[in-house]
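Now for the letters of each chain:
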Amino acid sequence: KKATHHHRLKGDFIVPVANCDVKEYNANPKHNIPFRDYLSYWREHRESGYSSLQGCLYMKDWHMHRVFPDHGVYNTPLFFQSDWLNEYWDTMELDDYRFVYMGPKGSWTPFHADVFRSYSWSANICGRKKWLLFPPGQEEHLKDCSGNLVYDAQSPILQDRDRYPKYSQCCQPIEVVQEVGEVIFVPSSWHHQVYNLEDTISINHNWLNGCNIDTMWQFLQGELTAVQQEIGEWKNCMEDWHQHCQLLLKSCTGINYCEFYRFLKIIAKNRIAVLEATSGDSAALHSTLPAELSALGPCHSVFDLHRTEDVLTAMLANEDFSRLDPDLLGPHPENLLHEIKEMTDSLMS
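Rules and cut-offs
Residues numbered from 1 in each chain as written. Predicted model: local features only at pLDDT ≥ 70, side-chain atom pairs only at ≥ 80, totals over all residues. Heavy atoms only, no water. Helix = DSSP H or I, 4+ residues; strand = E, 2+ residues; numbered from the N terminus. Rg over C-alpha atoms; globule rule 2.2 N^0.38 Å. Buried < 20%, exposed > 50% of the residue type's maximum accessible area, 1.4 Å probe, protein only. Contact = heavy atoms within 4.5 Å. Areas by Shrake-Rupley, 256 points an atom, 1.4 Å probe, with all protein chains shown as cover. Lys, Arg positive; Asp, Glu negative; His and termini not counted. Charge placed at Lys NZ, Arg CZ, Asp CG, Glu CD. Axes fitted to C-alpha atoms, helices over the stretch in contact; angles between N-to-C directions. Parallel < 35°, antiparallel > 145°, perpendicular 65-115°, else oblique. Left-handed = near helix turned anticlockwise from the far one by under 90°. Nonpolar A, V, L, I, M, F, W, Y, C, P; charged D, E, K, R; others polar. Salt bridge = Lys/Arg side-chain N within 4 Å of Asp/Glu carboxyl O. Phe/Tyr/Trp six-rings, centres within 6.5 Å; stacked < 30°, edge-to-face > 60°. Lys NZ or Arg CZ within 6 Å of the ring centre and 35° of its normal. Expected span 1.5 Å × (residues − 1). Arc of directions from axis to C-beta. Disulfide = S-S within 2.5 Å. Core = buried A, V, L, I, M, F, W, Y, C linked by side-chain atoms within 4.5 Å. Pairing = 2+ DSSP bridges.

(A) Structural view of the overall build of the chain. The helix and strand inventory of the chain stands at 12 helices and 11 strands. Radius of gyration (C-alpha) of the chain: 22 Å, near the 20 Å computed for a compact globule of 349 residues. For the chain, the C-alpha atoms occupy an extent of roughly 70 × 55 × 40 Å along the three principal directions. Split into buried and exposed, the 349 residues of the chain put 47% on the buried side. Expressed as a percentage of contacts within the chain between residues at least 6 apart in sequence, the contacts between residues at least 24 apart total 77%. In the form shown here, the chain has an accessible surface area of approximately 18200 Å², with 52% of it arising from carbon and sulfur atoms. Averaging the locations of the 30 positively and 47 negatively charged side chains of the chain gives two centres separated by 6 Å.

(B) Region of the structure containing unusual backbone geometry. Residues G330 and P331 are joined by a peptide bond in cis, for which omega reads -15 degrees. Although it is not a glycine, E93 sits at a positive phi angle of roughly 55 degrees. Here E93 lies in the loop between α4 (84–92) and β4 (98–103). We note that R117 has phi near 60 degrees; this positive angle belongs to a residue other than glycine. Its location among the elements puts R117 in the loop between β5 (108–112) and β6 (119–126).

(C) Examining the packing of helix α7 (residues 257–278) against helix α10 (residues 298–316) more closely. Look at α7 against α10: their axes get within 9 Å of each other, and the N-to-C directions meet at 150 degrees. The orientation of α7 with respect to α10, classified from their angle, is roughly antiparallel. Judged by the sense of rotation from one axis to the other, the crossing of α7 with α10 is left-handed. Between α7 and α10, the residues in contact are Y257, F260, Y261, L264, I267, A268, R271, I272, V274, L275 and T278 and P298, S301, V302, D304, L305, T308, V311, L312 and M315, respectively. For the contact of α7 with α10, the residue count by class is 15 nonpolar, three polar and two charged.

(D) Quick look at the pattern of salt bridges. Tallying each qualifying case throughout the model produces 18 salt bridges. A salt bridge links K143 to E140; its shortest N-O distance comes to 3.1 Å. Looking at E140, the relative accessible area reads 35%, which means it is partly exposed. If you follow the salt bridges from partner to partner, you end up with R66, D90, D95, D96 and R98 in one network.

(E) Representation of the packing of aromatic side chains. Scanning all chains against the criterion turns up 26 aromatic pairs. On the numbers, 5.8 Å between centres and 45 degrees between planes, the contact of Y38 with W42 is tilted. Highlighted residues: Y38 and W42, both in helix α2 (residues 35–47), separated by four residues, approximately one helical turn. This pair shows no difference in class: Y38 is buried, exactly as W42 is. Put simply, the rings of Y88, W89, Y97, F99, F116, W217, Y257, F260 and F263 touch in pairs and so form one group of aromatic residues. Across the ring face of Y195, the terminal group of K130 is positioned such that the distance to the ring centre comes to 5.2 Å.

(F) Quick peek at helix α12 (residues 333–348). Taking 1.5 Å as the rise per residue, α12 with 16 residues should run 22 Å; its terminal C-alpha atoms sit 23 Å apart, in good agreement. Three or more residues of α12 are buried, namely P333, L336, L337, I340, M343 and T344. Take α12 and look down its axis: the buried residues cluster within an arc of 125 degrees, on one side only. Turned more than 90 degrees away from the buried face of α12, the exposed residues are E334, H338 and D345. Residues of α12 that are buried make contact with α7, α10 and α11 (319–322).

(G) Structural view of the state of the cysteines. Counted according to the given criterion, the structure contains zero disulfides. C56 supplies the cysteine sulfur nearest to C20, a cysteine that is in no disulfide, at a spacing of 4.5 Å. Free of any disulfide, C252 has its nearest neighbouring cysteine sulfur in C245, separated by 10 Å. Classification of C252 by relative accessible area gives exposed; the value is 57%.

(H) Region of the structure containing the nonpolar core. One finds M216, F260, F263, L264 and M315 to be the most contacted residues of the largest nonpolar core, which totals 59 residues. The dominant element in this core, judged by the number of residues it contributes, is α7, at 11 residues. Ignoring sequence-local partners within four residues, the contact set of M216 consists of F116, L208, I255, F260 and F263.

(I) The arrangement of the sheet that holds strand β9 (residues 183–186) in detail. Here seven strands make up an open sheet; going across it, the order is β2-β1-β3-β4-β11-β6-β9 and the pairing antiparallel. Looking along the sheet, the strands with just one partner apiece sit at the ends: β2 (30–34) and β9. The average angle at which neighbouring strand axes cross in this sheet is 25 degrees, direction not considered. Taken together, the five bridges between strand β1 (residues 14–19) and β2 define a ladder with antiparallel strand orientation. The residue of β2 that forms the bridge with I14 is P34. Each of β1, β2, β3 (57–62), β4 and β11 (200–207) is contacted by α2, which is oriented at about 100 degrees to β2, the strand it contacts most. Of the strands in this sheet, β4 and β11 touch α4, which is tilted by about 85 degrees from β11.

Below, the structure is given as structure tokens:
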């Protein structure tokens, strides 16, 4: 372990790098290289007047927290600490949505909305960024006649009315220049495009909580509908067609209905554990739960349970959710819903 940690400190750990000069499926293609090699590239790129045969390379979506879980480099800002998304993935020990971005002047991120239609926050450690932010719904005006989002929201190609017939209805984006030391909050479903105006390092989190969990559920329903329409012609001849739709949903978005239920179950179980521990002494609360959970007060935990209850109720009324194999949903959603109601009712009495 000591040898591995030493190599990581020397820069031998691997980081993802995107080539901002190349378009691939409406994004920039990525490859993995040692961190030390990226720093060498960046230095040479600057010394060459921000020009390189390798193109403009942007180190993005690096999971620093996974590589250095005890880094102690920063703390999540107070207003963003209610984070169900990373709470879930930390519990599963599989992934996280905490990233470090490092890129030279001229690097950028094409037009997009964040994963699962989550919130995001981004803190500039050094450098400056320019954000173009579009309110929800405006992205419909930035689709071509086939329904595909534009790659670059400032591209002259949008003036082609035959390809982008709705562009003339699009509002102007909100433009924000983010200075060093500033943190920006991006609400759910706001499409955006981001430019590094200088050499920039930033910390970025995607996150969800009780205030936008319904948006994620709506997003998943829309994505499943798109999958079902795409393979609808095989519905009557493909065995287990609905299960295949769920597999494709997970492949396209990173999560399907079954995992979304597990996500809600873990959040609900954690809140119930907080409330049960809160009813005892405070020392027990802090000794049995992670610091992030023990910091939740009873009011916050109850709010989260109510929001989980709302979404679970909506899921139980959903026809596609009812088709899932019950054996994959332990405990059964109705039992979990009953457990949540029992806990919240007991606090009201």
